[in-house]
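Results of the structural survey
Chain residues, written in single-letter form:
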Amino acid sequence: MAAKPAPEAPLLPPRHVAIIMDGNGRWAKKRMLPRIAGHKQGVEAVRRITRAARTLGIEVLTLYAFSSENWRRPEEEVRDLMGLLRHFLASELDELVSEGIRLRVIGDWRGLSADLVRMIDGAIARTANNPGPTLVIALNYGAQAELAAAARNLAERARSGEIDPASINEAAFEAALDTGDLPPLDLLIRTSGEQRLSNFLLWQAAYAEFLFVDTLWPDFDEAALAAAVDQFGKRQRRFGGL
């Protein structure tokens, strides 16, 4: 009698997922609404996907919220985006605490307005000891600036004698990044059909799986994230090997 085949091991979800949240403006334009309406719906999508990531067992969710290049947008739109960020922090902090989610922020966020910096500081401190997954918000973030800052940090430490320049390898450089204490990036998703990284997590994405979807960010939902995780689980990750 033939032996029964061993059951397949369950697919593990990606530990660290990052999303370039793109398409808010196009979502609004399709509906002949002002761009701020698309950004408001984008915030609703953030709420949905944060909860869905926790349900799916994702340890770290990193969201590209505001790039260092976004300052080139019209002043009114930038002001609206900062207002939405204030609203999100004020309205969602209690739920982050109750759900055990840690909040992290990467990028030059201390360059934002003083009241926003205080809100972010307070939110980070209040969630710092939460045991659950981590929500990372990239604010005033640019990967090239992050890489340059890491290089400066290592150069200054070498000049002061704290470290030997010969000891600077890939692991040392990675530890000097904003994400140095987080799990490696497994899956990077970009919504809206665009297929570029837009200066986001350039180092971290070296061996990440990429998924570009046509869905505009405000329409990205729990089923879309689950489908992305399922597709990730079907890919073979060789990391340069066979």
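Here is a short report on the structure shown in this document. Quantities reported herein were computed from a predicted structural model and do not represent experimental measurements.

Along the backbone of the chain there are 7 helices and 6 strands. Its C-alpha atoms give the chain a radius of gyration of 19 Å, near enough to 18 Å, the size a compact globule of 242 residues would have. When its C-alpha atoms are laid out on the principal axes, the chain stretches across 70 × 55 × 35 Å. Here the chain holds 242 residues, and 44% of them are scored as buried. Within the chain, counting contacts between residues at least 6 apart in sequence, those at least 24 apart form 78% of the total. When the accessible surface of the chain is split by element, carbon and sulfur atoms take 53% of a total near 13200 Å².

Moving on: the pairing of strand β1 (residues 16–20). Both faces of the sheet carry side chains from a regular strand, because those side chains alternate between them. Burial analysis of β1 places 5 of its 5 residues in the buried class, which makes it a mostly covered element. Looking at chain direction, β1 and strand β2 (residues 60–67) are connected through 5 bridges and run parallel. Paired with Ile20 across the bridge in β2 is Tyr64. Where β1 meets strand β5 (residues 187–190), 4 bridges bridge the pair, whose relative direction is parallel. By the bridge assignment for β5, Ile20 is matched with Arg190.

The buried count for strand β4 (residues 134–141) comes to 8 of 8 residues, which makes it a mostly enclosed element. Where β2 lies against β4, 7 bridges are found, and the strand directions are parallel. Note that in β4 the partner of Leu63 across the bridge is Ile137. Of the strand pairs in this sheet, strand β3 (residues 102–106) and β4 are connected by 5 bridges, and their pairing is parallel. Paired with Arg104 across the strands is Val136, a residue of β4.

Rules behind the numbers
- Residues numbered from 1 in each chain as written.
- Predicted model: local features only at pLDDT ≥ 70, side-chain atom pairs only at ≥ 80, totals over all residues.
- Heavy atoms only, no water.
- Helix = DSSP H or I, 4+ residues; strand = E, 2+ residues; numbered from the N terminus.
- Rg over C-alpha atoms; globule rule 2.2 N^0.38 Å.
- Buried < 20%, exposed > 50% of the residue type's maximum accessible area, 1.4 Å probe, protein only.
- Contact = heavy atoms within 4.5 Å.
- Areas by Shrake-Rupley, 256 points an atom, 1.4 Å probe, with all protein chains shown as cover.
- Pairing = 2+ DSSP bridges.

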